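Read off the chains here:
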Amino acid sequence: MLGNLISNQNLTELVESRVIEFRPFYDENKAQIAQYPLKIRKLLKKFGKSFVLVHDFTKADDYIIKPNEYVIVEVFEQIILPKGIVGRFIPASNLIELGIGLTAGKLEFPFGQENEKIRFGLKNLTESEIIFNKEFRIAYIEFFDLRYLKTSDTVLLDRDILIYAQRRNSIFHDGEINYDADVD
């Protein structure tokens, strides 16, 4: 049903028909009734206006987030949506008991068309260390199909264009991502 929340079966059909793309892959067994779980791939820390890679779960196992520590999470999945299908992020419920705060945005066209990375902000709100591993579920994404509803075209603001470019063309210097660099 167009205009509604997309169910797991609808999502699988949209992925199989390449309307929605998951990179590197989509696992229909992980799809829940109306959302898909996202896992952590990389953790970055902000220093001034730069971001430094502090952990890559494809190369190392656990990461300990210290009390009051803030990190930027890059998720394992890349998701490419067409015009008219939007994604909304939901923090995973396990964050509640752990005392983790999550900040997230939205996902809509044209984000992802040029390999932009999905990122969240994550903060340990407790006085204790918390251990993350590569299987840790950070958030879920739910999709809405609005393709056949009346909508107005949205215009990307300069701010949005810059964010997209930063997440696509991050410049690395000795393991550091410099977001002050000129962006094409």
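Scroll up a little and you will see the structure.
Computed from a predicted structure; not experimentally measured.

Caption draft 1: Representation of the overall build of the chain. What the chain contains, in helices and strands, is three helices and 14 strands. Burial status across the chain gives 40% buried among its 184 residues. Pairs at least 24 apart in sequence give 73% of the contacts found in the chain among residues at least 6 apart. Accessible surface, the chain: about 10800 Å² in total, of which carbon and sulfur atoms supply 50%.

Caption draft 2: Here's a closer look at the environment of L95. Along the polypeptide, L95 turns up in helix α2 (residues 94-98). Overall, L95 belongs to the buried group, its relative accessible area being 3%. Those residues in contact with L95, other than ones at most four positions away along the chain, are I100, L102, F136 and I138.

Caption draft 3: Expanded view of the pattern of salt bridges. Counted according to the given criterion, the structure contains seven salt bridges. A salt bridge links E21 to R18; the nearest nitrogen and oxygen atoms lie 3.4 Å apart. Note that R119 is salt-bridged to E74, the shortest N-O span being 3.1 Å. On the criterion of sequence distance, the pair formed by R119 in strand β10 (residues 119-124) and E74 in strand β5 (residues 70-75) is long-range, its members being 45 residues apart. Pair check on accessibility: R119 and E74 agree, each one buried. Via salt bridges that share partners, R18, E21 and R23 belong to a single interconnected network.

Caption draft 4: Spatial organisation of the pairing of strand β7 (residues 85-91). Bridge analysis of β7 against strand β12 (residues 137-145) gives seven bridges, and the strand direction is antiparallel. Bridge pairing links P91 to A139 in β12.

Caption draft 5: Spatial organisation of unusual backbone geometry. Looking along the chain, the bond that leaves R23 and enters P24 is cis, with omega of 10 degrees. Within the fold, P24 resides in the loop between β1 (21-23) and β2 (36-47). Cis geometry marks the peptide bond from F109 to P110, where omega comes out at 10 degrees. Residue R18 is not a glycine yet carries a positive backbone phi of 65 degrees. By secondary structure assignment, the location of R18 is in the loop between α1 (8-16) and β1. Residue classification places R18 among the exposed positions, given a relative accessible area of 59%.

Caption draft 6: Structural detail: the side chain of E74. A residue is classified by how much of its surface remains accessible, and E74, at 6% relative accessible area, is buried. A distance of 3.1 Å separates a polar atom in the side chain of E74 from a polar atom in the side chain of R119. In this view, E74 contacts I40, R41, K42, K117, I118 and R119; residues no more than four positions away in its chain are not counted.

Caption draft 7: Representation of the packing of aromatic side chains within the structure. One pass over the full model with this rule turns up seven aromatic pairs. Ring plane angle 80 degrees and centroid distance 4.9 Å describe the contact between F89 and F120, whose orientation is recorded as edge-to-face. A residue pair is termed long-range when its members are at least 10 positions apart, and F89 in strand β7 and F120 in strand β10 qualify at 31 residues. F89 sits in the buried class, given a relative accessible area of 15%.

Rules behind the numbers
Residues numbered from 1 in each chain as written. Predicted model: local features only at pLDDT ≥ 70, side-chain atom pairs only at ≥ 80, totals over all residues. Heavy atoms only, no water. Helix = DSSP H or I, 4+ residues; strand = E, 2+ residues; numbered from the N terminus. Buried < 20%, exposed > 50% of the residue type's maximum accessible area, 1.4 Å probe, protein only. Contact = heavy atoms within 4.5 Å. Areas by Shrake-Rupley, 256 points an atom, 1.4 Å probe, with all protein chains shown as cover. Salt bridge = Lys/Arg side-chain N within 4 Å of Asp/Glu carboxyl O. Pairing = 2+ DSSP bridges. Polar contact = N/O pair within 3.5 Å; in protein donor to acceptor, adjacent residues only side chain to side chain. Phe/Tyr/Trp six-rings, centres within 6.5 Å; stacked < 30°, edge-to-face > 60°.

Geometric values such as these leave the question of function open.
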